[in-house]
Amino acid sequence: MKLPHEFYQLPFCFDVGQLAKEIEQFTESDWVTHHEGFQGNSAIPLISVNGEFNNDFKGPMLPTAALAKSPYIKQILASFGEVLSRSRLMRLAPGAQVPLHSDINYHWYKRVRVHIPITTTEQVQFFCHDKQVHMGAGECWIFDSWKLHKVENNSDQYRVHLVVDLAGSSQFWQTVFQHSRSIADDQSTTLNSQFVGFNPDSPATLITEQFNAPVIMPVAEVEYLTNELSAEVKHNPENLVADVNAFSLLIADFVADWRMLWLQYECTKAGWPHYHALREQTMIKALQCTKSLQLTHSGSAVKAFEQLVIVACMNVELSEQLATRKQAMTLPKSSPKSANLASVKSASATSTSTSTSIIPKTAAANNARTIAAPPSRNSPCPCGSGERYKACHGKVN
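Peer 1: How should I be thinking about the packing of aromatic side chains in this particular structure?
Peer 2: Both the distance between ring centres and the angle between the ring planes are used here to describe each pair of aromatic rings. Taken as a whole and assessed by the stated rule, the structure comprises 14 aromatic pairs. Between Phe7 and Phe126, the aromatic rings sit 5.6 Å apart at their centres with planes inclined by 85 degrees, giving edge-to-face as the arrangement. Taken together, the positions of Phe7 in strand β1 (residues 7–9) and Phe126 in strand β9 (residues 124–128) put the pair 119 residues apart, joining distant regions of the chain. Residues Phe7 and Phe126 agree in their burial class; the two are buried. Ring geometry for Phe172 and Trp173: centres 5.0 Å apart, planes at 90 degrees, overall edge-to-face. Just as Phe172 is buried, Trp173 falls in that class too. Through successive ring pairs, a cluster of aromatic residues spans Phe247, Phe254, Trp258, Tyr275 and Phe305. Above the ring of Phe57, the side-chain terminus of Arg86 is found at 4.1 Å from the ring centroid.

Right under this line is the structure:
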């Protein structure tokens, strides 16, 4: 995710000793080698698609067996009070490195990676663009993963981080920008951090992503993402004007034709061959005329366009699964007389037990009543007020 600064240290700290105890239970066979074969890089999935040991991005995120036997790690994840995506223990061998790269795919464009170091030394350095930091054990950090970054472990021991992917609520980002310390701030000032210790008697709520990839990406999102790329390409003074103009025309044509298909087919199966043909034709043109374009600090613009838009805008393999799960969510709820707070679940998340978030919630967020939108904004508001939905709970301020 793009951030105003390369690194931010969040105002939380954790029990390193307890974390170390929990990772000691895992054997060498539990650590999965990096899916791209990065030497010395391995991981243990804690939250993943369907709760399995995989490297997938699309589908319901669920806890794995490894997380089930790690109660403190589970409490830490729950303490954020956020909708969680892929989370894992990430290990870097002595003398190894995470190669220079940028996270330019759809998953990470609007998700940040929270790093909590468990075992580390001063010889482990994290680089992002032209900045570098050492993330201390028990601290909590995020960084700009859109920019080129790498990690070097120049020590003689394994580095292990707890890494959590999340999009972040408004309260999370208020914490980041109002109570955290960026790399640009005075590092000599003390960060007022909240200690989150282990409580063996405290249950943990986990809220995980359930819908994270569209069958067919809506036009508005396609247009938003392509406009973001176009703006960054134009901002890089090293790009040739002719190439920038060609890229701008290419993506404008793509958006216009995607809109025409959406108006005819939306997500229906009849449109799939047409959407796919448009993707292929557009990528062929992109590779022919704009291959040399570069983003400001993130590498190839064409590669970003491919990973962020072309690959992500069509996920028809999820269609049946999504339809089944959405249908299940529309089944009649239990009688209001027997309903209670514990039975109310988010329509787009899975949760268990109860817990207190370390991210402060506003009074409005805590007291807001959720009203399901009716089929039409002119329909009566479901709250029973007698007003039309658009003049009541659907009113636009």
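That covers the picture; the talk isn't over yet.
Peer 1: Looking at this structure, I do not really get the side chain of Ser230. What am I missing?
Peer 2: Mapping Ser230 onto the fold places it in helix α6 (residues 219–235). Residue classification places Ser230 among the buried residues on the basis of a relative accessible area of 9%.

Peer 1: I would appreciate a short explanation of the confidence of the model for the protein in the present structure.
Peer 2: Low pLDDT means the predicted atomic positions in that stretch should not be read closely. When pLDDT is averaged along the protein, the result is 88, and 85% of the positions lie at 70 or above. Here residues 335–354 is a poorly scored stretch, pLDDT under 50, and it has 28 contacts once near neighbours within four places are set aside; other chains count. Every residue in residues 363–369 is under pLDDT 50, and counting partners more than four places away or in other chains gives 3 contacts.

Peer 1: Any chance you could explain the packing of helix α7 (residues 241–265) against helix α8 (residues 272–289) here in plain terms?
Peer 2: Interaxial distance between α7 and α8 falls to 11 Å at its minimum, and their mutual angle equals 180 degrees. The angle between α7 and α8 falls in the class roughly antiparallel. Here Asp243, Ala246, Leu250, Phe254, Asp257, Trp258, Leu261, Trp262 and Tyr265 of α7 come into contact with α8, specifically with His274, Tyr275, Leu278, Arg279, Thr282, Lys285, Ala286 and Cys289. Looking at side-chain class alone, the contact of α7 with α8 contains 11 nonpolar, 2 polar and 4 charged residues.

Peer 1: What's the story with unusual backbone geometry in this structure? I'm lost.
Peer 2: One can expect most non-glycine residues to show negative phi and most peptide bonds to be in trans. In this model, His129 sits at a positive phi of 55 degrees, which is unusual for a non-glycine residue. Mapping His129 onto the fold places it in the loop between β9 and β10 (131–133). For His129, a relative accessible area of 38% gives the class partly exposed. Its identity as a non-glycine residue notwithstanding, Glu266 has a phi of 50 degrees, on the positive side. Topologically, Glu266 is positioned in the loop between α7 and α8.

Peer 1: What's the story with the sheet that holds strand β7 (residues 97–101) in this structure? I'm lost.
Peer 2: Two strands in a sheet stick together by hydrogen bonds in their backbones, pointing the same way (parallel) or opposite ways (antiparallel). The strand order across the open sheet formed by 4 strands is β7-β12-β9-β10, and the pairing between neighbours is antiparallel. The sheet is open, and its two edges are formed by β7 and β10, each paired on a single side. Pairwise comparison of adjacent strand axes, ignoring direction, gives a mean angle of 20 degrees for this sheet. Bridge count for β7 against strand β12 (residues 149–153) is 3 bridges, and the pairing is antiparallel.

Peer 1: I would appreciate a short explanation of helix α3 (residues 71–79) in the present structure.
Peer 2: For an α-helix the count is 3.6 residues per turn, leaving residues at separations of three or four pointing the same way. For α3, the buried fraction is high: 7 of the 9 residues fall into the buried class. The set of residues buried in α3 consists of Tyr72, Ile73, Gln75, Ile76, Leu77, Ala78 and Ser79. One or two positions beyond α3, positive phi appears at Gly81, with a value near 65 degrees.

Peer 1: It is not clear to me how the nonpolar core should be interpreted in this structure. Could you clarify?
Peer 2: If you look at soluble globular proteins, the nonpolar side chains tend to sit buried side by side. Counting residues in each nonpolar core, the largest one holds 43 residues, and the members touching the most others are Phe14, Phe80, Leu89, Val114 and Leu162. Tallying contributions element by element places α3 first for this core, with 5 residues. If we skip the residues at most four places from it in the chain, Leu162 touches Leu46, Ile73, Ile76, Leu77, Arg88, Leu89, Val114, His115, Ile116 and Ile118.

Peer 1: Explain the pairing of β9 to me, please; I cannot follow it from the model alone.
Peer 2: Strand residues, when the strand is regular, have side chains that alternate between the two faces of the sheet. Taking burial as the measure, the 5 residues of β9 include 5 buried ones, the bulk of the element. Burial along β9 is two-sided: Val124, Phe126 and Cys128 and Gln125 and Phe127, pointing in opposite directions, are all buried. Here β9 runs beside β12; their pairing, made up of 5 bridges, is antiparallel. Bridging across to β12, Phe127 finds its partner in Lys150. Relative to β10, β9 runs antiparallel, the two sharing 3 bridges. Counterpart to Phe127 in the pairing with β10 is Gln132.

Peer 1: Quick question: what am I supposed to make of the side chain of Ser42 here?
Peer 2: Relative to the helices and strands, Ser42 is located in strand β4 (residues 41–49). Look at Ser42 and you get buried, because its relative accessible area is 9%. Non-local contacts of Ser42, meaning those with residues more than four positions away in its chain, are made with Trp31, Val32, Thr33, His34, Leu89, Met90 and Arg91.

Peer 1: Is there a simple way to explain the environment of Gln125 in this structure?
Peer 2: With respect to the secondary-structure elements, Gln125 resides in strand β9. A residue is classified by how much of its surface remains accessible, and Gln125, at 17% relative accessible area, is buried. Between the C-alpha atom of Gln125 and that of Lys150, which follows or precedes it by 25 residues, the distance is 8.6 Å. Leaving out residues up to four positions away in the same chain, Gln125 has contacts with Gln132, Val133, His134, Lys150, Val151 and Glu152. Within the structure, the side chain of Gln125 is placed 3.0 Å from the backbone oxygen of Glu122, a separation counted as a polar contact. Among the polar contacts made by the side chain of Gln125, one reaches the side chain of Gln132 at a distance of 2.9 Å.

Reading the values: rules and limits
By convention here, each chain's residues receive numbers from 1 onward along its written sequence. With pLDDT at 70 or above as the cut-off, local features in this predicted model cover only qualifying residues; side-chain atom pairs require 80 or more to be listed or tallied, and sums for whole chains, interfaces and linings still use all residues. Side-chain measures were taken over the full set of non-hydrogen atoms in the model, leaving aside hydrogen atoms and water. Ring pairs are drawn from Phe, Tyr and Trp, using the six-membered ring of Trp, whenever the two centres fall within 6.5 Å, and their geometry is named by plane angle: stacked under 30 degrees, edge-to-face over 60, tilted for the rest. Only runs of H or I of at least four residues qualify as helices and only runs of E of at least two qualify as strands under DSSP, and these elements are numbered from the N terminus. Buried, partly exposed and exposed residues are distinguished by accessible area as a fraction of the type maximum, computed with a 1.4 Å probe on protein chains only: under 20%, between the cut-offs, and over 50%, respectively. Geometrically, a charge over a ring is one whose NZ (Lys) or CZ (Arg) sits within 6 Å of the ring centre while staying within 35 degrees of the ring normal. Every residue carries a pLDDT, the predictor's confidence in it, which falls somewhere between 0 and 100. Any two residues whose heavy atoms approach within 4.5 Å are treated as being in contact. For helices, the fitted axis covers only the stretch in contact; all axes are lines through C-alpha atoms, and the angles between them, taken along N-to-C directions, range from 0 to 180 degrees. Every angle not falling under 35 degrees, over 145, or within 65 to 115 is termed oblique; those three ranges are roughly parallel, roughly antiparallel and roughly perpendicular. Here the term charged refers only to Asp, Glu, Lys and Arg, the term nonpolar to Ala, Val, Leu, Ile, Met, Phe, Trp, Tyr, Cys and Pro, and the term polar to all other amino acids, Gly among them. A pair of strands counts as paired when DSSP detects no fewer than two bridges linking them. We define a nonpolar core as any set of buried Ala, Val, Leu, Ile, Met, Phe, Trp, Tyr and Cys residues linked to one another through side-chain atoms lying within 4.5 Å. By the criterion applied in these results, polar contacts are pairs of N or O atoms within 3.5 Å in which, for protein atoms, one can donate a hydrogen and the other can accept it, and in which residues neighboring in sequence qualify only through two side-chain atoms.

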